[in-house]
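Each chain is listed here by its residues.
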Amino acid sequence: LFSAIKYKSGCLELIDQRLLPLEKKWVTCSDLESVAIAIEDMVVRGAPAIACVAAYGLAMDAFLSNTTNWEDYRSDFIKNCERLKKTRPTAVNLFNLISDAKNFLDSFEDKIPMSKVKTDLEKWADGFFDNDLETCRAIGEVGLSIAGEKKISILTHCNAGSLATAGYGTALGVIRSLHAVGQLNYVFVDETRPYMQGTRLTAFELIEEGIPFSLQVDSAAASTLASGHVDWVVVGADRIASNGDTANKIGTYALAILAKYHGVAFYVAAPVSTFDFNARTGEDIPIEQRPAEELTSFGGHPIAAPGTEVINPSFDVTPAELITGIITEEGVIRAPYPDHIATLME
Ligand code: MRU
């Protein structure tokens, strides 16, 4: 199984996802700022993976610090949290991770030596990473549990795979689990304009695993769904509001409408750490706007007339009413979402 993140004793290495699948190049982050830039520049992307890297970034900075005790280091730690929060706004896993980190460190006494802070933070970051991996496997199992006798064909969007998590993936975790027991028929992969996570990353992961699939342009989804060859649409999520409205990669909302029209089940696969219990509805979810060049150029070459105005939201919000179920590690959450999500929060 391919993992995009390696950490050991102050050294954080990330596979550069901007170069995949043509080049497998590892980038070393040597300070907190380089971790923040790696998230901003999409060296690493995907909601759970961003949180894992942030956890290791915090651990790494503490590991490399020359301060002697927690009291001296605390302000650096807070600064690091604030810097990481400014990297990408939509995936809530990052913000949930940072509030976890703050809670964890609130338990430290001022005079605790840095040697203890270092080991505790590393253990905490390793624990977070391992937990994400286990969570993804559990999501896969839950997905498998709702499949009937018949082999399932799935349409997916973006990359919610190993690369987007500690490993295994969420939407791709469901696909992996079905495949492992011979319950998967076929996968349709949206290329995912404009950043091409489907073409570059999901297709790469499926090839590595020997899972049968076809890549398609995003706009082929309607006719693929009309063909009757798809049983489930399964996508990941970046932030799920308390009423079930779900932010995910741009194009997910369109896919949900198409699935509804064609009577195809539409599942979101996501860990509980992707819920934002403070967001009442999708309107409370901040949507990242990405650079115009992602649309006006291709492979570094300009393709649009100079002066072309661009809108480039990286995510959209799928209303809960279009979602058949949210596959979490705790089970499948279905309508009425506000009630079931409130129970989950408890
Ligand atoms: O802009 P990205 O590539 O970070 O967007 C990723 C997605 O939208 C994924 O579907 C989501 O983060 C879930 S990953 C398990």
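Residues numbered from 1 in each chain as written. Predicted model: local features only at pLDDT ≥ 70, side-chain atom pairs only at ≥ 80, totals over all residues. Heavy atoms only, no water.

## What about the sheet that holds strand β1 (residues 5–8)?
Taken in spatial order, the three strands make up an open sheet running β1-β2-β3, and their pairing is antiparallel. Edge positions in the sheet fall to β1 and β3 (26–29), since each has one partner strand and no second. Adjacent strand axes in the sheet meet at a mean angle of 20° when their direction is disregarded. Note: β1 against strand β2 (residues 11–15), four bridges, orientation antiparallel. Counterpart to K8 in the pairing with β2 is C11. Against the sheet, helix α2 (residues 47–64) contacts β1, β2 and β3, and its axis sits at roughly 20° relative to β1. (Pairing = 2+ DSSP bridges. Helix = DSSP H or I, 4+ residues; strand = E, 2+ residues; numbered from the N terminus. Axes fitted to C-alpha atoms, helices over the stretch in contact; angles between N-to-C directions. Contact = heavy atoms within 4.5 Å.)

## What to know about the environment of N248
Structurally, N248 can be placed in strand β9 (residues 246–249). Exposure remark for N248: the relative accessible area of 5% places this residue in the buried category. Sequence separation of N248 and H157 is 91 residues, and the distance between their C-alpha atoms is 9.3 Å. One polar contact links the side chain of N248 to the main-chain amide nitrogen of A237, over a distance of 3.5 Å. (Buried < 20%, exposed > 50% of the residue type's maximum accessible area, 1.4 Å probe, protein only. Polar contact = N/O pair within 3.5 Å; in protein donor to acceptor, adjacent residues only side chain to side chain.)

## Re the site of the ligand
Surveying the vicinity of the ligand reveals 19 residues, the closest of which are R45, R88, D238, N248 and K249. In this structure, an oxygen atom belonging to the ligand sits 2.9 Å away from a main-chain N or O atom of A47. Between the ligand and the protein, one listed contact pairs an oxygen atom with a side-chain N or O atom of K249 at 2.7 Å. Against a free-state accessible area of 420 Å², the protein chains account for coverage of 100% of the ligand. At the level of secondary structure, the elements contributing two or more residues to the shell around the ligand comprise α2 and β9. Of the residues in the shell around the ligand, the class split is eight nonpolar, seven polar and four charged. (Near = heavy atom within 4 Å. Areas by Shrake-Rupley, 256 points an atom, 1.4 Å probe, with all protein chains shown as cover. Nonpolar A, V, L, I, M, F, W, Y, C, P; charged D, E, K, R; others polar.)

## What to know about the sheet that holds strand β13 (residues 315–318)
Ordered in space as β8-β9-β13, the three strands form an open sheet in which the pairing is antiparallel. Unpaired on one side and paired on the other, β8 (239–240) and β13 mark the two borders of the sheet.

## Overview of the packing of aromatic side chains
By the definition in use, this model includes ten aromatic pairs. Relative to Y56, the ring of Y7 has its centre 4.8 Å away and its plane inclined at 15°; by these criteria the two rings are stacked. Of the two residues, Y7 is situated in strand β1 and Y56 in helix α2; the sequence distance between them amounts to 49 residues. Accessibility classification places Y7 together with Y56 in one group, the buried group. Ring-pair connections join several aromatic residues into one group, and the members of that group are W70, Y73, F77, F104, F108 and W124. In this structure, K249 packs its charged tip against the face of F315, placed 4.2 Å from the ring centre. Between the NZ or CZ atom of R290 and the centre of the ring of Y195, over which it lies, the distance is 5.6 Å. (Phe/Tyr/Trp six-rings, centres within 6.5 Å; stacked < 30°, edge-to-face > 60°. Lys NZ or Arg CZ within 6 Å of the ring centre and 35° of its normal.)

## Remarks on the packing of helix α4 (residues 92–106) against helix α5 (residues 114–145)
Helix-helix packing is characterised by the crossing angle of the two axes and by the distance between the axes. It is the contact of α4 with α5, at a shortest axis distance of 12 Å, that shows an interaxial angle of 145°. The two elements α4 and α5 meet at a crossing, and its hand is right-handed. On α5, the residues touching L97, A101, F104 and L105 of α4 are D120, L121, W124 and F128. (Left-handed = near helix turned anticlockwise from the far one by under 90°.)

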